[in-house]
Amino acid sequence: MEHVDVIVIGAGVVGLAVAAEVTASLPDRQVVLMERHGQFGQETSSRNSEVIHAGIYYPQDSLKARLCVEGKELLYDFCRKHGVPHSRLGKLVIAIKDEDLPYLHTLQENARANGVEDLCFLNESEVKNIEPHIACKGALLSPSTGIIDTHSLMKKLEWQALQGGTMAVYGHNVKGVSPQGDCYVVEFTNPDGSSGAVKCSWLINCAGLNSDYIATLLGIDVEKEGYKIHPCKGEYFTVRSGKGLVTNHLIYPPPDKELKSLGIHLTRNLDGGIRLGPSAFYVDEIDYSVDENNVGDFYEAVKGYLPFLDIEDLEPDMAGIRPKLQGPGDPFRDFIIRHENKRGLRGVINLVGIDSPGLTCCLSIARMVVNLMSF
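In this report, we go over the structure that sits alongside the text. (Residues numbered from 1 in each chain as written. Predicted model: local features only at pLDDT ≥ 70, side-chain atom pairs only at ≥ 80, totals over all residues. Heavy atoms only, no water.)

Observations concerning the overall build of the protein
Now for step 1: Of the regular secondary structure elements, the protein holds nine helices and 20 strands.
Now for step 2: Relative to the compact-globule value of 21 Å for 375 residues, the protein shows a C-alpha radius of gyration of 21 Å, a close match.
Now for step 3: Projected onto its principal axes, the C-alpha coordinates of the protein cover approximately 65 × 40 × 40 Å.
Now for step 4: Here the protein, with 375 residues, has 56% of them falling under the buried criterion.
Now for step 5: Considering only residue pairs separated by 6 or more positions, the protein has 73% of its internal contacts joining residues 24 or more positions apart.
Now for step 6: Entry remark: accessible area of the protein is about 15400 Å², with carbon and sulfur atoms responsible for 48%.
Now for step 7: Placing the 36 positive and 49 negative side-chain charges of the protein at their respective mean positions leaves the two points 3 Å apart. (Helix = DSSP H or I, 4+ residues; strand = E, 2+ residues; numbered from the N terminus. Rg over C-alpha atoms; globule rule 2.2 N^0.38 Å. Buried < 20%, exposed > 50% of the residue type's maximum accessible area, 1.4 Å probe, protein only. Contact = heavy atoms within 4.5 Å. Areas by Shrake-Rupley, 256 points an atom, 1.4 Å probe, with all protein chains shown as cover. Lys, Arg positive; Asp, Glu negative; His and termini not counted. Charge placed at Lys NZ, Arg CZ, Asp CG, Glu CD.)

Following this line, the structure appears as structure tokens:
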């Protein structure tokens with residue numbers, strides 16, 4: 001049986017970043033990137049708002065806060081260096097009602113605790129000066145928030161990984177993992193349906209929506225250990241006609257207090273179009289259809305702060321599904337990024353529940369994984 005040094009399971013943006021970082025930092029390691037789909041980024045990584053987050057929402061000292069603040073700057077540097085299309089256009093977190101204003105000040109203090117020092121509070125008239133077509137009582141301006149062409153980012157990360165010697169195998173679906181001495185045997189199905197197996201010394205689980213399944217194959221009780229993924233669907237509606245040209249920033253309402261989502265917000269594409277979303281509701285099945293009957297809910301959610309929109313301006317766009325550890329009614333859950341040596345699984349690194357801001361954190365997560373491999 002063939003033996004490789006490292007297998008990375010999952011070729012979303014995080015798996016690609018991990019493979020690229022391992023090959024760059026540990027060039028003597030033979031790396032295999034194993035993905036069940038026919039190409040990279042077919043799930044969460046290609047179905048999101050494509051926002052580079054600043055790191056303002058997450059609890060102090062959480063992985064989400066630390067890795068977002070670090071990853072944001074790494075990502076902007078990467079984009080500039082490698083020509084990945086992006087725009088640091090900034091966003092407004094708005095107070096829709098007077099009662100929302102104290103929360104914005106609390107959010108600003110939380111951001112400072114996380115190391116985000118560039119937020120500024122704008123009163124109603126100051127917001128009108130920069131966004132005359134939105135309605136609010138005040139806002140936080142986050143100038144370091146931006147947008148990115150995620151496909152171009154993933155394509156560049158894949159290229160870096162391949163140039164570094166990674167072997168990317170697409171259409172390979174992991175079906176079993178078992179310890180064998182100081183190695184792991186990974187069983188999989190090939191694109192033609194036949195079975196195969198390979199040994200590795202390091203197994204890095206970046207399987208996104210299926211990361212809890214991979215953990216289960218390793219003998220981890222995902223319910224007991226808090227590794228169970230709760231798929232959370234978000235739909236988007238695009239804004240047709242020329243109304244996408246009337247805003248300059250990303251526009252966010254106050255998020256829900258448990259951070260299940262950041263609320264239905266307005267994001268811009270690099271081509272100038274705008275979309276609304278995502279919504280957030282838990283699902284039992286992976287289904288990327290958009291229910292056009294939900295247009296009324298979207299309109300009701302935004303009409304108070306986007307008065308220039310009519311319901312006829314909205315049409316279904318896309319849907320994504322977040323791999324959340326936080327179940328219905330649960331409080332905030334952080335990323336799980338863990339070397340499982342204390343479970344007797346030396347050489348296994350699990351990345352579970354990498355939802356938002358996982359895109360922003362992809363490079364800082366990759367650095368963390370390589371650091372975990374040094375112990």
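Description of the packing of helix α2 (residues 63-82) against helix α9 (residues 358-372)
Now for step 1: Relative orientation of the contacting elements α2 and α9 amounts to 100 degrees, with a least axis distance of 6 Å. Accordingly, the angle class assigned to the pair α2 and α9 is roughly perpendicular. In this structure, α2 contributes Leu63, Lys64, Arg66, Leu67, Cys68, Glu70, Gly71, Lys72, Leu74, Leu75 and Phe78 to the contact, and α9 contributes Leu359, Thr360, Cys361, Cys362, Leu363, Ser364, Ile365, Arg367 and Met368.
Now for step 2: Tallied by class, the residues present in the contact of α2 with α9 amount to twelve nonpolar, three polar and five charged. (Axes fitted to C-alpha atoms, helices over the stretch in contact; angles between N-to-C directions. Parallel < 35°, antiparallel > 145°, perpendicular 65-115°, else oblique. Nonpolar A, V, L, I, M, F, W, Y, C, P; charged D, E, K, R; others polar.)

Quick notes on the sheet that holds strand β3 (residues 51-52)
Now for step 1: Ordered by their spatial adjacency, three strands build an open sheet running β3-β8-β4, and the pairing between neighbours is antiparallel. Strands at the two margins of the open sheet, each flanked by one partner only, are β3 and β4 (86-87).
Now for step 2: Alignment of β3 against strand β8 (residues 146-148), held across two bridges, turns out to be antiparallel. Opposite valine 51, over in β8, you have isoleucine 147 as the bridge partner. (Pairing = 2+ DSSP bridges.)

Description of unusual backbone geometry
Now for step 1: Residue proline 278 is reached from glycine 277 by a cis peptide bond, and omega for that bond is -5 degrees.
Now for step 2: Within the secondary structure layout, proline 278 lies in the loop between β16 (274-277) and β17 (281-282).
Now for step 3: Backbone geometry places glutamate 50, a non-glycine residue, at a positive phi of 55 degrees.
Now for step 4: Inspection of the secondary structure puts glutamate 50 in the loop between β2 (31-35) and β3.
Now for step 5: Although it is not a glycine, aspartate 61 sits at a positive phi angle of roughly 75 degrees.
Now for step 6: Along the chain, aspartate 61 falls in the loop between β3 and α2.

Focus: the pairing of strand β10 (residues 173-180)
Now for step 1: Both β10 and strand β11 (residues 183-189) contribute to a ladder of seven bridges, which runs antiparallel. The residue of β11 that forms the bridge with proline 179 is tyrosine 184.
Now for step 2: Here β10 folds back onto β11 in antiparallel fashion, the turn holding two residues, of which glycine 181 has a positive phi close to 65 degrees.

Topic: the packing of α2 against helix α5 (residues 150-163)
Now for step 1: Where α2 meets α5, the closest approach of the two axes is 11 Å, and the angle between their N-to-C directions is 80 degrees. The orientation of α2 with respect to α5, classified from their angle, is roughly perpendicular. Together, Leu75, Phe78 and His82 of α2 and Leu153, Lys156, Leu157 and Gln160 of α5 make up the contact between the two elements.
Now for step 2: Considered class by class, the residues forming the contact of α2 with α5 number four nonpolar, two polar and one charged.

With respect to the pairing of β11
Now for step 1: Within β11, five of the seven residues are buried, which leaves it mostly tucked inside the rest of the structure.
Now for step 2: With six bridges connecting them, β11 and strand β12 (residues 195-205) associate as antiparallel partners. Its bridge partner lying in β12, valine 185 is registered against lysine 199.

A closer look at the environment of glycine 263
Now for step 1: Among the structural elements, glycine 263 can be located in the loop between β14 (250-252) and β15 (265-268).
Now for step 2: Relative accessible area serves as the criterion here: at 15%, glycine 263 is assigned to the buried category.
Now for step 3: Sequence spacing of glycine 263 and alanine 301 is 38 residues, and the spatial spacing of their C-alpha atoms is 8.7 Å.
Now for step 4: For glycine 263, the residues in contact, after removing those within four places along its chain, are Pro253, Gly277 and Pro278.

As for the environment of valine 352
Now for step 1: Relative to the helices and strands, valine 352 is located in strand β20 (residues 348-352).
Now for step 2: Its relative accessible area of 0% is what places valine 352 among the buried residues.
Now for step 3: Counting along the chain gives 29 residues from valine 352 to proline 323, while the straight-line C-alpha distance between them is 8.0 Å.
Now for step 4: In contact with valine 352, other than residues within four places in its own chain, are Asn205, Ser211, Tyr227, Ile229, Leu325, Phe335 and Ile336.

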